[in-house]
Amino acid sequence: MSFQVSKVNDVTLIEVEGQLIVGNRQELKQGVLEKLEGGDLKFVIDFANTGYIDSSGLGVLVSLSKKIREQGGELRLSSLNEDLRTLFELTKLDTLFRIADEKEQALEGF
Amino acid sequence: MSDPNDGDLVLEIPTDIQAIAGTVDYVMSRCVTCQSHARKLNLNFRVGLTEALSNAMMYGNGHDPSKNVVVEVVMSQGCLQATVRDQGTGFDPTLVPDPTLPENLSRSCGRGLFLMRELLDEVSYNDRGNEVTLVLRLESGGAFEGGAQA
């Protein structure tokens, strides 16, 4: 897994490539937390190039969302494939996150 | 690592969470008789085996690299069965809370067992609680794809 970080206006866009799983979840967490500590508050994590997220990866997203909310910010997600959507729906995490079909929609109106 | 016969697979791997993805990929690549059920293989079975290995290494073996996890996979035309055994003291799966309850939604852990139960036809533990057996039926009328009960 790797991820690219960019800034679109005042939104931090993180594009994840590869699986977000137990063996690498801390890298993403650390990357986002560094941006949060640097003052960023609006985050979009895009999964257009992600095939799979395991329960540990889901847990990291929940944890990050909580930390960002505590600072007055928001974490949005985008571009979940069919399998990922299924995992979010099964775990009801689709009720916890704002999930857009594409990153442009997630960035819109943020 | 050994292949007792054509349809079965036995792996013994050290506790290393970095090895989970590679192990799952290897097992999936050996499921040649199941390739016509791509989604069940790529979603249901991948999730189930990944979560079972994660639980075994993190909670069962407590991240102890001197302890191993044994994976036994039995493949047949209509069914895929995986048994994952750790060297821990075991746990009581009935004590794991439902992560989809409103009070648990914001928890950062506790979804692995839930996903296994949702995505596989059968999930059972031995009495000690250190061995889980996963069953995925590949023929119609078995488990489900995409989380919708068949």
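Reading the values: rules and limits
Residues numbered from 1 in each chain as written. Chains lettered and ligands numbered in written order. Predicted model: local features only at pLDDT ≥ 70, side-chain atom pairs only at ≥ 80, totals over all residues. Heavy atoms only, no water. Salt bridge = Lys/Arg side-chain N within 4 Å of Asp/Glu carboxyl O. Helix = DSSP H or I, 4+ residues; strand = E, 2+ residues; numbered from the N terminus. Contact = heavy atoms within 4.5 Å. Polar contact = N/O pair within 3.5 Å; in protein donor to acceptor, adjacent residues only side chain to side chain. Pairing = 2+ DSSP bridges. Axes fitted to C-alpha atoms, helices over the stretch in contact; angles between N-to-C directions. Buried < 20%, exposed > 50% of the residue type's maximum accessible area, 1.4 Å probe, protein only. Right-handed = clockwise from strand over helix to strand, strands pointing away.

**Concerning the pattern of salt bridges**
Stage number 1. What the rule picks out here adds up to twelve salt bridges over all chains.
Stage number 2. One salt-bridge network, held together by shared partners, links Glu74(A), Arg76(A) and Arg98(A).

**Regarding the environment of Thr83(B)**
Residue and element names in this part refer to chain B.
Stage number 1. Mapped onto the fold, Thr 83 is located in strand E3 (residues 79-85).
Stage number 2. Spatially, the C-alpha atom of Thr 83 lies 14 Å from that of Met 28, the residues being 55 residues apart in sequence.
Stage number 3. Once residues lying within four places of it in the same chain are set aside, the contact partners of Thr 83 are Val 70, Val 71, Glu 72, Glu 131, Val 132 and Thr 133.
Stage number 4. Side-chain polar atoms of Thr 83 contact the side chain of Thr 133, separated by 3.3 Å.

**Re the sheet that holds strand E5 (residues 98-100) of chain A**
Residue and element names in this part refer to chain A.
Stage number 1. Pairing in this open sheet of five strands is mixed, and the strands run E1-E2-E3-E4-E5 from one edge to the other. Both edges of this open sheet fall to strand E1 (2-8) and E5, since each of them pairs with a single strand only. Within this sheet the neighbouring strands show an average axis-to-axis angle of 25°, counted without direction.
Stage number 2. This element, helix H2 (residues 55-70), spans strand E3 (42-49) and strand E4 (74-78) of the sheet and lies at about 145° to E4.

**As for the sheet that holds strand E4 (residues 122-125) of chain B**
Residues and elements named next belong to chain B.
Stage number 1. Ordered by their spatial adjacency, five strands build an open sheet running E1-E2-E3-E5-E4, and the pairing between neighbours is antiparallel. Edge positions in the sheet fall to strand E1 (8-14) and E4, since each of these pairs with one other strand and no more. Neighbour to neighbour, the strand axes of the sheet diverge by 15° on average, direction disregarded.
Stage number 2. Inspection of the sheet shows strand E2 (residues 68-75) paired to E3 by six bridges, in the antiparallel sense. Note that in E3 the partner of Val 71 across the bridge is Val 84.
Stage number 3. Of the strands in this sheet, E4 and strand E5 (131-137) are in contact with helix H3 (residues 112-119), which crosses E4 at around 135°.

**Some words on the side chain of Asp83(A)**
Stage number 1. Along the polypeptide, Asp83(A) turns up in helix H3 (residues 82-90).
Stage number 2. Sequence-distant contacts of Asp83(A), that is, excluding residues within four places in its chain, are made with Arg39(B) and Leu43(B).

**Regarding H3(B)**
Stage number 1. A large share of H3(B) lies buried, amounting to six of its eight residues.
Stage number 2. Contacts made by the buried residues of H3(B) are with H2 and H3 of chain A together with helix H2 (38-60), E4 and E5 of chain B.

**A word on the pairing of E2(B)**
Residues and elements named next belong to chain B.
Stage number 1. As paired strands, E1 and E2 are joined by seven bridges and run antiparallel to one another. For Ile 13, the partnering residue across the bridge sits in E2 and is Val 69.
Stage number 2. Where E2 hands over to E3, the hairpin turn is made up of three residues, counted between the paired strands.

**A look at the pairing of E4(A)**
All names here are of chain A.
Stage number 1. Of all five residues in E4, four are buried; the element is thus mostly enclosed.
Stage number 2. As paired elements, E3 and E4 share five bridges and run parallel to each other. Bridge pairing in E4 places Asp 46 opposite Ser 78.
Stage number 3. Note on the crossover from E3 through H2 to E4: the handedness is right-handed.
Stage number 4. Note: E4 against E5, three bridges, orientation parallel. Within E5, the position partnered with Arg 76 by the bridge is Arg 98.
Stage number 5. This β-α-β element, E4 to H3 to E5, shows right-handed connectivity.

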